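Descriptive structure summary
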Amino acid sequence: MPARRKTKADRQREHFGRMLAVGKAVTHLTDEDVAECCGISRMTLFKRKNDPSKLTVGELTKLTAIMGWDTEDIIKLIVQ
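Scope of this entry: the structure provided in the associated data block. All values reported here derive from a predicted model rather than from experimental measurement.

Attention now goes to the pattern of salt bridges. In this structure the tally under the stated criterion is 8 salt bridges. With a shortest N-O distance of 3.0 Å, Asp10 and Arg4 are connected by a salt bridge. With a relative accessible area of 64%, Arg4 lands in the exposed category. Between Arg13 and Asp10 there is a salt bridge; the shortest N-O distance is 3.0 Å. Of this pair, Arg13 and Asp10 both sit in helix H1 (residues 8-27), 3 residues apart, which is roughly one turn of the helix.

The following block contains the structure:
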């Protein structure tokens, strides 16, 4: 049976997961800290990790500021 091809949603989920993991490692933040800074619950953050297309502009803006992501990272996340 051939391997399943990754969809756009799969690639977006993986890219966001990598970005978030690196950002948390650099800033020494936990999921709880990140969720609190974004003004969302930890469960909502978990849902956003599984489906980054549901991120609001405000949440993405706060994450960008907290994690120090640049414009290129955000564009890759959106375009994936």
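So, next bit.
We now examine unusual backbone geometry. The phi dihedral of His28 falls on the positive side, at around 60°, and the residue is not glycine. Using a relative accessible area of 69% as the deciding quantity, one classes His28 as exposed.

This part covers the side chain of Glu59. Summarising the element assignment, Glu59 is placed in helix H4 (residues 57-67). Given a relative accessible area of 7%, Glu59 falls into the buried group. Leave out the neighbours within four places in its chain, and Glu59 touches Cys38, Ile40, Arg48 and Lys54.

Take the packing of aromatic side chains next. Under the defined criterion, the tally for this structure stands at 1 aromatic pair. Ring centres 6.2 Å apart and planes at 75° place the aromatic pair Phe16 and Trp69 in the edge-to-face group. Taken together, the residues span a long stretch of sequence, with Phe16 in helix H1 and Trp69 in the loop between H4 and helix H5 (71-79) at a distance of 53 residues. Overall, the relative accessible area of 0% leaves Phe16 in the buried class.

Criteria and thresholds
Residue numbering note: each chain is counted from 1, following its sequence as written. Where local features are concerned, this predicted model is filtered to residues with pLDDT of at least 70; where side-chain atom pairs are given and counted, the filter is 80 or more; whole-chain, interface and lining totals use all residues. The basis for every side-chain value is the complete set of heavy atoms in the structure, and neither hydrogens nor water enter the calculation. Salt bridge, as used here, is a side-chain nitrogen of Lys or Arg placed within 4 Å of a carboxyl oxygen of Asp or Glu. Per-residue accessibility, obtained with a 1.4 Å probe over protein chains only, is compared with the maximum for each type, and a residue is labelled buried under 20%, exposed over 50%, and partly exposed between these values. Secondary structure counts use DSSP, requiring at least four H or I residues in a row for a helix and at least two E residues in a row for a strand, with both numbered from the N terminus. Residue contacts are defined here by distance: any two heavy atoms, one from each residue, within 4.5 Å place the two residues in contact. Any two of the Phe, Tyr and Trp rings considered here, Trp counted by its six-membered ring, make a pair once their centres fall within 6.5 Å; the pair's planes then place it as stacked at under 30 degrees, edge-to-face at over 60, or tilted in between.

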